[in-house]
Structure formats: C-alpha cells, structure tokens
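Tertiary structure, described
These are the residues of each chain, in order.
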Amino acid sequence: MSYARVLCVGLLGMTGHVIEVEADLSPGLPAVVLTGLPDTALHEARDRVRAAVVNSGQTWPNRRITVNLLPAALPKHGSAFDLAIAAATLAGAGELPGAALDGVVVLGELGLDGAVRPVRGVLPMVAAAAAAGLREVIVPLGNAREATVVPGVTVRAVDSLRRLVGFVRRAEPLLEPPPPEELPRPAGPDLADVAGQELGRYGLEVAAAGGHHMALFGAPGAGKTMLAERLPTILPELDDAAALEVTALQSIAGVLPPDGSLVRRPPFQAPHHTASAAALVGGGSGLARPGALSLAHRGVLFLDEAAEIATATLQALRQPLETGRVVLARARGTTEYPARVQLVLAANPCPCASPAGDQHCTCPGPVRRRYLARLSGPLLDRIDIRLTLAPLTAAQLTTPAGPATSSAEVATRVATARVAAARRWKTEGWRVNADVPGPVLRRAPWRLPTTDTALLRQSLDKGLLSARGFDRVLRLAWTIADLDGRDRPGRAEVSEAIQLRMGESHAR
Ligand SMILES: Nc1ncnc2c1ncn2[C@@H]1O[C@H](COP(=O)(O)OP(=O)(O)O)[C@@H](O)[C@H]1O
Ligand SMILES: [Mg+2]
Ligand SMILES: [Zn+2]
C-alpha cells in the first residue's frame with residue numbers, strides 16, 4: 001500500500017471545510033509535490049514536515065511523494081495541515097497503520113524538531129468538522145481548550161509528532177484537554193466611577209438598550225473616554241450563536257487565551273486614531289487576520305479622538321459599517337469576516353481642545369466647522385445618539401450628590417428593555433430598535449399620534465433636524481419607552497429622545 005488519506009480542515013473566512021490530505025508514494029526520484037491550491041505558507045510545509053519526521057526518529061520515505069489536498073478547487077492557507085501531511089505520508093509509506101486515523105480530523109503545525117505548535121482558527125475548524133458529522137479531532141495541546149467548546153466532539157491533544165506516532169502505532173494515549181479554568185472576573189471599569197454627566201450616562205443606557213450608535217463630543221477631560229469604555233459593562237451577555245462567532249474570530253486572530261473558553265462578554269475594541277486601515281479591517285498573509293472591526297463583532301467599536309482619524313481610514317470604515325462585514329481582497333479570491341458592531345465615537349469639538357469648554361475656544365469659525373464635518377458622511381450619518389458633555393465642575397467631581405448607579409443596576413434595566421424590544425420586533429426579524437428602518441416607525445401600526453410628536457415636527461420644520469434625524473429620534477423614543485416600561489412612546493419620551501439627538505450642532 002503506497003497511498004493514505006488523513007482528514008484536516010481548511011478555513012475560508014469563518015467557514016471551515018473538511019479537507020482530505022492524500023499522500024501517494026511512487027518509485028522515482030525522491031521529491032515532494034504538493035497539489036491542490038496551497039498558498040506559499042503551505043508550500044513551506046514540505047520542508048517542515050520532512051525535518052519533523054526525521055527529528056522524531058522516523059524514516060523519511062525516499063520516494064516520489066505526491067501530497068494532494070482535496071477538494072482541489074478550495075484555496076488553502078496556513079500551517080494547520082502539517083500534522084495531517086506528516087501522518088498521511090508516514091501511513092502511505094507503510095510506516096504507520098493508516099486505519100487508526102479513519103474519520104479523525106488532525107490539526108496542527110509542526111516545528112522542525114517535531115513539536116506540534118498551536119495554530120489560529122482551531123475553534124471554527126472543529127465546528128466545521130462537527131457540522132460535517134465527524135466526531136473525533138486531534139489538535140495541538142495549546143488549542144485543546146478552545147476545541148472543547150464545540151459540543152459533540154471528542155478532543156484529544158498532541159504536543160509532538162512522536163506522540164501521534166505512538167498513538168497510531170501502539171495505541172498509546174494522547175493528551176487530555178486541560179480542564180476549564182474558573183478565573184475570577186477582574187474588577188473592570190464600572191459606571192459607578194463616573195461622577196455627574198447625567199445626560200451622558202443616560203445616553204449610554206439608551207445606546208445599550210436600543211443598540212444605537214453613539215457620538216460623544218465635549219471638552220477634554222469631561223469623561224467621554226470613561227463613558228465609552230463602560231458601554232460593554234451594561235450590555236447583555238452574548239447568546240450561544242454570537243458567543244461562538246466572537247470566540248471563533250478571536251481564535252482566527254490568535255488572540256484567544258490558550259485556556260480560554262467561550263467568550264460571553266461583548267467585545268470592546270478601541271483602535272488608536274492613528275491605526276492603519278489594515279489594522280482596522282484586517283489582512284496579512286496566510287490565514288487572514290481579522291482586524292479591530294471584526295474583533296468588535298457583536299460588541300463595541302470605540303473610535304476615540306475620531307476627528308483625528310485619517311480620511312483614508314474613514315473611507316475604509318464606511319463599507320463595513322454599512323454592510324456588517326469586512327471583505328478582504330486576497331491573492332486567490334476574497335476572505336470575508338463579520339463586523340456587526342455598535343459604534344461609539346468621541347471627539348473634541350475643535351482642534352484647540354480647550355479644557356474649559358467652548359467659551360474659551362480660540363479656533364476660527366471655519367476651522368471649527370470643518371473639524372467635525374469630515375466625520376459626517378462616513379460616520380455621523382449613521383449615529384442615533386449625539387451628545388455634548390459639559391466640562392465637570394470641581395464640585396461635581398469632589399462632592400458627588402450620592403453614589404452613582406453601578407453598571408450592574410443599569411445592566412438589569414437594559415436587559416429588561418431589550419426583551420421588550422425583541423418581543424415587539426420578533427416577527428419582523430429585528431432584535432433591537434436600532435435595526436428598525438425609519439419608514440416603518442412612520443407607518444401604522446407604529447405611527448405615533450401627532451399630539452405626541454408635535455415637538456419633533458416643529459424641529460423638522462424649523463430645520464433643526466433632518467428627515468433622517470426625525471427617524472432617529474423616533475427610534476430613540478421607542479428605546480426610551482422600553483426603558484420606562486411603556487408599550488409605546490408618549491410626548492415625554494419623544495422630548496427626551498430629541499435631547500439625545502441634538503447634542504451637537506453638526507448632528508442634524
Ligand atoms: N465624569 C467623571 N467622573 C469621574 N472622573 C472623571 C470624569 N470625567 C473625567 N474624569 C477624570 O478625568 C480623566 C480623563 O477623562 P476622559 O474620560 O479621558 O475624558 P475625555 O475623554 O472627555 O477627554 C479620567 O481618567 C478621570 O480620572
Ligand atoms: Mg478621551
Ligand atoms: Zn477650539
């Protein structure tokens with residue numbers, strides 16, 4: 001027998017495909033030929049695998065070896081195929097009984113010394129194996145914890161090719177995945193830390209409850225960054241599907257802690273305003289890395305000092321924010337990652353950033369107007385809540401009226417409001433009020449009585465609000481009603497919504 005087959009998984013974006021690694025050995029000049037659309041990183045597998053086999057005390061077959069990856073049409077990236085290639089080659093040479101790996105998915109990169117190294121993307125790979133009806137996987141020890149997150153799959157781990165050989169040849173046991181570790185949740189930031197800024201805190205609560213994008217303006221030191229960083233602390237935990245997506249993205253990016261389990265908290269990403277477009281959207285050779293936009297998927301993308309972001313970077317954000325996904329151009333085809341984020345943006349009102357607030361601003365009028373106008377098209381147009389925070393007074397900071405409400409308390413109200421909204425929109429397929437198109441809210445049965453929207457209509461007629469702004473206020477009013485436990489917004493909710501919308505003159 002000079003042929004063997006071992007299963008592996010390749011990733012295209014988030015989607016895994018079961019790959020058959022075939023090895024065929026024929027007489028002829030010793031050589032290794034790799035076929036089936038491998039990328040350059042995978043071509044290097046030939047040399048790695050050979051060295052690993054020899055350094056594991058095995059005999060490298062001195063024959064012509066053809067390694068084929070099926071289905072051939074599917075592009076293959078990265079180094080996760082090494083271990084399967086080594087196993088298929090040794091089995092094809094008759095060095096190993098091939099049957100021991102029948103129906104088993106084998107994942108892992110090999111070091112030249114025969115050590116098995118962790119790879120990125122093991123979670124979505126194992127999920128794909130499970131979806132294809134496969135029930136057994138062998139993964140690098142460093143990826144074993146994340147692999148066990150997938151239900152219905154037996155996970156065994158290896159730290160070296162030698163161990164895999166011992167298992168296949170002599171049924172020696174493999175390694176068990178380390179047990180889950182109950183790490184104490186570190187005491188993170190909490191809304192209780194934020195003094196004053198009642199409107200800002202309220203805006204944050206409404207943003208969390210309705211899934212609304214939010215912009216915070218105001219003088220430096222007012223607490224914009226502080227507030228934004230606390231949004232994840234009042235958002236509900238991720239449901240199973242979202243948790244799996246978020247964990248998979250972190251696995252592909254290589255940022256999942258090795259002992260990490262399913263990520264349940266909404267992620268928070270705050271790329272610096274000088275971050276490159278590539279860092280935001282993702283890329284790189286081999287298996288493309290998700291960028292900050294995708295790592296914030298199902299969570300919060302915080303763009304601090306947003307007015308300082310380069311125009312090219314703003315342009316790169318536009319499409320993903322609109323579509324909820326990032327499409328990366330690759331040498332062979334494209335890679336796609338999800339990027340449904342809740343956007344929070346913070347900016348000083350002008351370049352001089354006078355800490356004392358607008359009265360002391362030294363910027364000429366046109367400079368001031370242009371500063372935020374750049375954000376309008378790509379970002380601001382999509383944002384429901386826009387607030388300008390007033391500078392804190394010493395009294396507010398040093399002698400607060402009482403202990404501020406904690407994140408836990410606000411999170412409870414947010415969760416209740418979200419349930420109400422989800423129930424209302426269930427048949428339409430929307431989860432949060434931010435998903436609901438404006439025209440829907442202007443039609444029966446959701447249209448509000450004109451007596452309740454009088455103030456809103458006046459704002460539109462006076463040019464204080466645009467038609468889009470009108471719809472955004474309606475959406476916010478529904479979220480405020482959900483927080484108030486009312487089944488539809490009344491005059492008071494509409495008026496509060498206007499306040500959350502008119503915080504900045506650029507915000508029409
Ligand atoms: N509302 C507030 N309550 C308590 N501390 C605050 C508040 N606002 C600002 N601070 C203090 O000032 C620092 C700077 O706040 P920050 O959120 O970075 O302001 P901004 O982003 O508006 O410039 C914070 O780290 C905090 O120590
Ligand atoms: Mg700041
Ligand atoms: Zn200024």
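Note that the structure is predicted; figures quoted are calculated from it, not measured. (Residues numbered from 1 in each chain as written. Chains lettered and ligands numbered in written order. Predicted model: local features only at pLDDT ≥ 70, side-chain atom pairs only at ≥ 80, totals over all residues. Heavy atoms only, no water.)

What follows deals with the domain arrangement of the chain. Domains assigned within the chain are domain 1 (3-170), domain 2 (191-433) and domain 3 (436-508). Between the C-alpha centres of domain 2 and domain 3 there is a distance of 22 Å. At the interface, 32 residues of domain 2 touch 24 residues of domain 3. Around 2,400 Å² of area is buried between domain 2 and domain 3 when both sides are counted, 60% of it from carbon and sulfur atoms. Counting the surface domain 2 buries against domain 3, the share from its top three residues, D384, R386 and N433, is 26%. The tally of links between domain 2 and domain 3 comes to 3 salt bridges. Here domain 2 is connected to domain 3 by 9 residue pairs in polar contact (both at pLDDT 80 or more). Sorting the residues of the side of domain 2 that touches domain 3 by element identifies α7 (198-210), α13 (365-376), β18 (385-389) and α15 (407-425) as the ones contributing at least two each. Split by residue class, the side of domain 2 that touches domain 3 holds 18 nonpolar, 5 polar and 9 charged. (Domains from an automatic or database assignment. Contact = heavy atoms within 4.5 Å. Buried area = accessible area lost by both parts, 1.4 Å probe. Salt bridge = Lys/Arg side-chain N within 4 Å of Asp/Glu carboxyl O. Polar contact = N/O pair within 3.5 Å; in protein donor to acceptor, adjacent residues only side chain to side chain. Helix = DSSP H or I, 4+ residues; strand = E, 2+ residues; numbered from the N terminus. Nonpolar A, V, L, I, M, F, W, Y, C, P; charged D, E, K, R; others polar.)

Take the site of ligand 1 next. Taken together, 14 residues form the shell around ligand 1, and within it A195, G221, K224, T225 and M226 come nearest. A222 is positioned such that a nitrogen or oxygen atom in its backbone is 3.2 Å from an oxygen atom of ligand 1. Surface burial for ligand 1 is 67%, taken as the share of its 560 Å² of free accessible area covered by protein chains. For the shell around ligand 1, the residue count by class is 8 nonpolar, 4 polar and 2 charged. (Near = heavy atom within 4 Å. Areas by Shrake-Rupley, 256 points an atom, 1.4 Å probe, with all protein chains shown as cover.)

The element helix α4 (residues 122-131) is largely enclosed, with a buried count of 8 among its 10 residues. The set of residues buried in α4 consists of V122, L123, P124, M125, V126, A128, A129 and A130. Residues of α4 that are buried sit in contact with β1 (3-12), β2 (15-26), β5 (104-106), β8 (136-140), α5 (144-147) and α9 (240-253). In the stretch just after α4, G133 is the one whose phi turns positive, near 90 degrees. (Buried < 20%, exposed > 50% of the residue type's maximum accessible area, 1.4 Å probe, protein only.)

Here the focus is the nonpolar core. Formed by 100 residues in total, the largest nonpolar core has its most connected members in L101, V126, V139, L161, L317, L375 and L379. Counting residues per element, this core draws most heavily on helix α3 (residues 82-92), at 8 residues. Formed jointly, this core draws a minimum of three residues from each of two domains, domain 1 (3-170) and domain 2 (191-433). Setting aside residues no more than four positions away along its own chain, L379 makes contact with L303, L314, L317, L321, L343 and L345. (Core = buried A, V, L, I, M, F, W, Y, C linked by side-chain atoms within 4.5 Å.)

With that out of the way, let us pick up the pattern of salt bridges. On inspection of all chains with the given rule, the structure shows 17 salt bridges. The shortest N-O distance in the salt bridge between R117 and E109 comes to 3.0 Å. Judged by its relative accessible area of 38%, R117 is partly exposed. Here E109 falls in the buried class, since its relative accessible area comes to 16%. One salt bridge in this structure joins R298 and E245, with 2.9 Å as the shortest N-O distance. On the criterion of sequence distance, the pair formed by R298 in the loop between α11 (292-295) and β14 (300-303) and E245 in helix α9 is long-range, its members being 53 residues apart. Here E245 falls in the partly exposed class, since its relative accessible area comes to 24%. One network of salt bridges, in which partners are shared, links D384, R472 and R475.

The next point concerns the sheet that holds β14. In space, the 5 strands of this open sheet follow the order β11-β14-β17-β10-β18, with parallel pairing throughout. Since the sheet does not close on itself, it has two edges, and those belong to β11 (268-269) and β18, each with one partner. By the bridge criterion, 2 bridges tie β11 to β14 in an arrangement that is parallel. Looking across to β14, one finds that Q269 is bridged to L301. (Pairing = 2+ DSSP bridges.)

Let us look at the packing of aromatic side chains. What the rule picks out here adds up to 5 aromatic pairs. Centroid distance W425 to W430: 5.8 Å. Interplanar angle 70 degrees. Geometry classified as edge-to-face. Here the aromatic cluster, defined as three or more aromatic residues joined through ring pairs, consists of W425, W430, W446 and W478. (Phe/Tyr/Trp six-rings, centres within 6.5 Å; stacked < 30°, edge-to-face > 60°.)

Residue-level pLDDT values for the chain average 89, and 95% of them are 70 or greater. By mean pLDDT, the top-scoring element of the chain is β5 (98), and the lowest-scoring one is helix α14 (residues 394-398) (72). Contacts from residues 504-508, a stretch scored under 50 in pLDDT, to residues over four places away or in other chains number 19 contacts. (pLDDT = per-residue confidence, 0-100.)

Moving on, we get to the environment of G469. Its place among the elements puts G469 in helix α18 (residues 467-484). Along the chain, G469 and S459 lie 10 residues apart, while their C-alpha atoms are 9.8 Å from each other.

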